[in-house]
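Structural features, examined
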Amino acid sequence: GFWVDIGPINTMAMFDDSIGTQTEDTDTLAVTVAVTGRIDTLALLNMDAAAVNVTVMDGATEEYNEDFSLTDTSAITDWYAYFFEEITRKTDLLVTDLPNVLDPDLTVTITGTGTVLCGHFVAGVSRDLGGTQYGASVGITDYSRKTQDEFGNWSITERGFSKRGSFKVFIEGNAVDYTHRLLSSYRAAPVMVIGADEYAASYIFGLLKDWSIDIAYVSHSIMNIEMEGLT
């Protein structure tokens, strides 16, 4: 009766089921995971850093070693922006080409200047369910509290937020039963969904809020997925 759960310790914050709790270190944050089985995909979410190195070791043999810059150039649309816009950083990183090695050691080194933060570390074997179609939508749900008094003044209490997404996916006609079983197995567990590799906003770790498969054509079917991210 004297204990209150206020969150994970610093070293484990990036491994819990919350995106908002961050592991932090000064200049360099390094972690090595002894994987049981195999993995091919890694996602690092809610980071504040400048670069990431990912290394995969098979015993004493180095199978993979790649550096990733977190500099975001998407806002650089002309020469003026190139010279005068502030440098911004990507907060999420997706790596999908890890080697197929049994029981590897996965080392992730996140570097920056000053405090380096990482909100979530998730690695596993990915499943390609189909092609996401244009018309997908992404956004957030904000849990901040906003109240207005009788004089029209606003009081804002900042709280966490979660991503949300809605995706329409074309799947092969003969994959309907497999896809149905797979998604059903994740009905009460957090899962990582990648709506589209090129849009980090579609990297959502959370719950499958709703999904359905429309058996529309002989050769393929249409699946609708609603994702609700964790805070």
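Residues numbered from 1 in each chain as written. Predicted model: local features only at pLDDT ≥ 70, side-chain atom pairs only at ≥ 80, totals over all residues. Heavy atoms only, no water.

1. Topic: the confidence of the model for the chain
The predicted model of the chain has a mean per-residue pLDDT of 93, with 100% of residues at 70 or higher. For the chain, helix H1 (residues 79-84) is the element with the lowest average pLDDT, namely 84, and strand E3 (residues 51-58) is the one with the highest, namely 97. (pLDDT = per-residue confidence, 0-100. Helix = DSSP H or I, 4+ residues; strand = E, 2+ residues; numbered from the N terminus.)

2. A look at the nonpolar core
Within soluble globular proteins, side chains that are nonpolar tend to cluster in buried spots. Core analysis: the largest hydrophobic core is formed by 23 residues, its most contacted members being Leu-42, Leu-44, Val-52, Leu-106, Val-108 and Ile-110. Those residues within four positions of Ile-110 in sequence are excluded, and the remaining contacts are Asp-27, Thr-28, Leu-29, Leu-44, Met-47, Ala-49, Ala-51, Val-52, Val-116 and Cys-118. In terms of nonpolar packing, the next biggest core, distinct from the first, is built from 13 residues, Val-176, Val-193, Leu-208 and Ile-225 among them. (Core = buried A, V, L, I, M, F, W, Y, C linked by side-chain atoms within 4.5 Å. Buried < 20%, exposed > 50% of the residue type's maximum accessible area, 1.4 Å probe, protein only. Contact = heavy atoms within 4.5 Å.)

3. Looking at a nonpolar patch on the surface
Taken together, the side chains of Ile-76, Trp-79, Tyr-80, Tyr-82, Phe-83 and Phe-84 present a nonpolar region at the surface, about 820 Å² in accessible area. On the accessibility criterion, Tyr-80 (57% relative accessible area) is exposed. (Patch = residues over 30% accessible without salt bridge, like charges linked within 9 Å, V, L, I, M, F, W, Y side chains within 5 Å. Areas by Shrake-Rupley, 256 points an atom, 1.4 Å probe, with all protein chains shown as cover. Salt bridge = Lys/Arg side-chain N within 4 Å of Asp/Glu carboxyl O.)

4. Comments concerning the packing of aromatic side chains
Each pair of aromatic rings is reported with the distance of its centres and the angle of its planes. Summed over all chains, the structure comprises five aromatic pairs. When the centroid spacing of 5.5 Å and the interplanar angle of 75° are considered together, the rings of Trp-79 and Tyr-82 count as edge-to-face. Separated by three residues within a single helix, Trp-79 and Tyr-82 lie in helix H1, roughly one turn from each other. For Tyr-82, a relative accessible area of 55% gives the class exposed. A centroid spacing of 4.8 Å and a plane angle of 40° characterise the contact between Tyr-80 and Phe-84, whose relative ring orientation is tilted. A residue pair is termed a helical-turn pair when its members lie 3 or 4 positions apart in one helix, as Tyr-80 and Phe-84 do in helix H1 at four residues. Cluster of aromatic residues (ring-pair linked, three or more members): Trp-79, Tyr-82 and Phe-83. (Phe/Tyr/Trp six-rings, centres within 6.5 Å; stacked < 30°, edge-to-face > 60°.)

5. What about the sheet that holds strand E7 (residues 93-95)?
Here we have three strands laid out as an open sheet, ordered E7-E2-E9, and antiparallel in their pairing. The sheet is open, and its two edges are formed by E7 and strand E9 (120-124), each paired on a single side. Ignoring strand direction, the axes of neighbouring strands in this sheet form an average angle of 10°. Looking at chain direction, strand E2 (residues 41-45) and E9 are connected through five bridges and run antiparallel. Directly across from Thr-41, in E9, lies its bridge partner Gly-124. (Pairing = 2+ DSSP bridges. Axes fitted to C-alpha atoms, helices over the stretch in contact; angles between N-to-C directions.)

6. As for the pairing of strand E8 (residues 105-118)
Relative to E8, strand E1 (residues 23-34) is paired through 11 bridges, and the arrangement is antiparallel. When the sheet's bridge partners are listed, Leu-29 is paired in E8 with Ile-110. Sheet topology places E3 next to E8; seven bridges connect them, and they run antiparallel. Residue pairing across strands places Val-52 opposite Ile-110, the latter belonging to E8.

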